[in-house]
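# Understanding the architecture of this molecule
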Amino acid sequence: MDAVTATRMLDDREREVEHRLSRLRDDEASLRHDRADATADDEHDPEGSTLSGEWAQVDALRRGAESERAEILAARERVASGTFGVCEQCGRSIADARLEARPFARRGIACAT
Ligand SMILES: [Zn+2]
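First things first, this report covers the structure right here in the doc.

Criteria and cut-off values
Residues numbered from 1 in each chain as written. Predicted model: local features only at pLDDT ≥ 70, side-chain atom pairs only at ≥ 80, totals over all residues. Heavy atoms only, no water. Helix = DSSP H or I, 4+ residues; strand = E, 2+ residues; numbered from the N terminus. Rg over C-alpha atoms; globule rule 2.2 N^0.38 Å. Buried < 20%, exposed > 50% of the residue type's maximum accessible area, 1.4 Å probe, protein only. Contact = heavy atoms within 4.5 Å. Areas by Shrake-Rupley, 256 points an atom, 1.4 Å probe, with all protein chains shown as cover. Core = buried A, V, L, I, M, F, W, Y, C linked by side-chain atoms within 4.5 Å. Donors = N, O, S within 2.8 Å, 3.2 Å for Na, K, Ca; no water.

The helix and strand tally for the protein stands at four helices and zero strands. Along the chain direction, N to C, the helices and strands of the protein fall in the order α-α-α-α. Relative to the globule expectation of 13 Å for 113 residues, the C-alpha radius of gyration of the protein, 19 Å, shows a markedly less compact shape. Projected onto its principal axes, the C-alpha positions of the protein cover 60 × 25 × 20 Å. Expressed as a percentage of the 113 residues in the protein, the buried residues total 28%. At a minimum sequence separation of 6, the contacts of the protein that also span at least 24 residues come to 61%. Split by element, the accessible area of the protein, about 7,300 Å² in all, is 49% carbon and sulfur.

Here is the structure:
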């Protein structure tokens, strides 16, 4: 895969991740708001536990998106150094179809599974 195609895929993916992150930040802000209300109303409100479950879920999604963003940055460095699309375990090319699904993949399917 050439550097131009790789960069375009990483750009698309990064936009998508940024979008996801901003939505998750909105979710966190509204959960924080709801939680403040719930605590003010009644500490023993059963809704409190639902909220903390949602909070944990949003937090996990946010961390996933942040680590994906970090992986995208690392993939850009591999584009710059000419090692993008090369499996870091066996040194063979990673299939284009895999890179299209996961442009930040560091290993081919055979080595990743
Ligand atoms: Zn490999």
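One broad trend across soluble globular proteins is that nonpolar side chains are buried collectively. Counting residues in each nonpolar core, the largest one holds 16 residues, and the members touching the most others are L10, V17, I72, A75, V79, F84 and L99. Those elements that place two or more of their residues in this core are α1 (3-41) and α2 (47-81). A per-element tally of this core places α1 first, with five residues. L24, L31, L51 and V58 belong to the second largest nonpolar core, which has five residues in total.

With that settled, the discussion passes to the environment of R32. One can find R32 in helix α1. Relative accessible area serves as the criterion here: at 48%, R32 is assigned to the partly exposed category. With 20 residues separating them in the primary sequence, R32 and S52 have C-alpha atoms 9.8 Å apart.

Okay, the environment of H33 next. By secondary structure assignment, the location of H33 is in helix α1. For H33 and V17, which are 16 residues apart along the polypeptide, the C-alpha to C-alpha distance reads 24 Å.

Protein coordination at the zinc ion: the donors are C87 (SG), C90 (SG) and C111 (SG), at 2.2 to 2.3 Å from the metal. Donor residues for the zinc ion, ordered by position in the chain, follow C-x2-C-x20-C. Here the residue C90 occupies a position in the loop between α2 and α3 (96-101), and C111 occupies one in helix α4 (residues 109-112), the gap between them amounting to 21 residues. Under the relative-accessibility criterion, C90 is labelled partly exposed at 36%. C111 gets classed as buried once you look at its relative accessible area, which sits at 15%.

These figures capture arrangement, not role.
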